[in-house]
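Coordinates in review
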Amino acid sequence: MDSFAGSGGQSDLARCIELSRVAVSKGEYPFGTVIALNGQVVAEAINRTIRDRDVTRHAEVIALSNAQKVISREQLRQYTIYTNIEPCAMCSYCIREAWVGRVVYAIGSPVMDGLSKWNILRDEGISDIPQIFGEVPEVVSGVLLHEAQQAWREWNPLVWQMIKLRGLLTEPSAHEVRVRLGQRRSLCHCLQILTVRSGKSRIETEAPDVNP
Ligand SMILES: [Zn+2]
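Notes on the overall build of the chain
- Tallying secondary structure elements over the chain gives seven helices and five strands in all.
- Counting helices and strands in the order they occur from the N terminus, the chain gives α-β-β-α-α-β-α-β-β-α-α-α.
- Counting across all 212 residues of the chain, residues that qualify as buried make up 43%.
- Of the contacts made within the chain by residues no fewer than 6 positions apart, 64% connect residues no fewer than 24 positions apart.

Things to note about unusual backbone geometry
- A positive phi angle is found at Arg-53, which is not glycine, with a value near 50°.
- Tracing the backbone through its elements, the reader meets Arg-53 in the loop between β2 (40–46) and α2 (59–68).
- Residue Arg-53 is classed as exposed on the basis of its 8 C-beta neighbours within 10 Å.
- With phi around 70°, Trp-99 is a residue other than glycine that occupies positive phi space.
- When you line up the elements, Trp-99 lands in the loop between α4 (89–97) and β4 (102–107).

Quick word on the confidence of the model for the chain
- Across the chain, the average pLDDT comes to 83, with 77% of residues at or above 70.
- Predicted confidence is poor over residues 174–184, with pLDDT under 50, and the contacts of this stretch with residues over four places away or in other chains come to 13 contacts.

Describing the packing of α2 against α4
- The contact between α2 and α4 brings their axes to 9 Å, and the two run at 20°. What the angle tells us is that α2 and α4 run roughly parallel. Crossing geometry of α2 relative to α4 is assigned as left-handed. In this structure, α2 uses Glu-60, Val-61 and Leu-64 to contact α4, whose residues at the interface are Cys-91, Cys-94 and Ile-95.
- For the contact of α2 with α4, the per-class residue count stands at five nonpolar, no polar and one charged.

Points about the pairing of β2
- Pairing between strand β1 (residues 32–37) and β2: six bridges, direction antiparallel. Counted as the bridge partner of Val-34 is Glu-44 from β2.
- Connecting β1 to the next strand, β2, in antiparallel fashion are two residues, including Asn-38 with a positive phi near 50°.

Some details on the sheet that holds strand β3 (residues 80–85)
- Ordered in space as β2-β1-β3-β4-β5, the five strands form an open sheet in which the pairing is mixed. Unpaired on one side and paired on the other, β2 and β5 (138–140) mark the two borders of the sheet. The mean angle between the axes of side-by-side strands here comes to 15°, regardless of whether they run parallel or antiparallel.
- The pairing of β1 with β3 spans four bridges and is classified as antiparallel. Looking across to β3, one finds that Val-34 is bridged to Tyr-82.

A closer look at helix α1 (residues 9–25)
- Compared with an ideal rise of 1.5 Å per residue, which puts 17 residues at 24 Å, α1 spans 25 Å between its outermost C-alpha atoms and is within 8% of the ideal.
- In this structure, the buried residues of α1 make contact with β1, β2, β3, β4 and α5 (145–155).
- Immediately downstream of α1, the backbone of Gly-27 shows phi near 85°, a positive value.

So, the packing of α1 against α5
- Orientation of α1 relative to α5, taken along the N-to-C sense of each, is 10°, at an axis distance of 9 Å. Judged on the interaxial angle alone, α5 and α1 are roughly parallel. Where α1 approaches α5, its residues Ile-17, Ser-20, Arg-21 and Val-24 are matched on the opposing element by Glu-147, Ala-148, Ala-151 and Trp-155.

Examining the environment of Trp-152
- Looking at the secondary structure, you find Trp-152 in helix α5.
- On the basis of neighbour counts, which here come to 25 C-beta atoms within 10 Å, the residue Trp-152 falls in the buried class.
- On a C-alpha basis, the gap between Trp-152 and Tyr-29 in space is 9.0 Å, while along the polypeptide they are 123 residues apart.
- If sequence neighbours within four positions are ignored, Trp-152 has contacts with Pro-30 and Trp-160.

Reading guide: rules and limits
- Residues numbered from 1 in each chain as written.
- Predicted model: local features only at pLDDT ≥ 70, side-chain atom pairs only at ≥ 80, totals over all residues.
- Helix = DSSP H or I, 4+ residues; strand = E, 2+ residues; numbered from the N terminus.
- Buried ≥ 20, exposed ≤ 12 C-beta atoms within 10 Å, placed from the backbone.
- Contact = placed C-beta atoms within 7 Å.
- pLDDT = per-residue confidence, 0-100.
- Axes fitted to C-alpha atoms, helices over the stretch in contact; angles between N-to-C directions.
- Parallel < 35°, antiparallel > 145°, perpendicular 65-115°, else oblique.
- Left-handed = near helix turned anticlockwise from the far one by under 90°.
- Nonpolar A, V, L, I, M, F, W, Y, C, P; charged D, E, K, R; others polar.
- Pairing = 2+ DSSP bridges.
- Expected span 1.5 Å × (residues − 1).

Quick look at the structure:
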């Protein structure tokens, strides 16, 4: 993976971390996404999986949906999607089909996400169908890693310790480490289990979302 060399990208990633805290304040898990070009944000979102009771409502998918209402896939080739956590397989597939040119994230997810586990983000084969999938995007990981980790630690220190012990969310350089779960589970499912176990779930009532 590439080292982070872009200018201005750190502020967009910092916004993702800020959004992850907003998500917590609204009773969601700490995920935030920004889609931007040279600091100009076209869409941003937080998870809505808890409030909508819909596992497909990931921040990346919502942001991509909002962005496509404003700009074309052809334009998205120039854009970067920023996330505090490595995009999952579902979101990575959408990123490829939306033709996003660059992906920047902070924390890696080697057990279940769309690059280090499934290699959807960097799969060259699907680019052989250019009518549907874009070129392989540039991927930059580990940006503002410690700041992103701190937001998760603040959300729930005990759950964060359990996540680290199980190797669910790690430094991107540790992608080669494989930690097997007892059965296949989505990250959100694992989070539900861990938060219930910790007795510190912060599920709250409906609250307005951030503006796209
Ligand atoms: Zn996702």
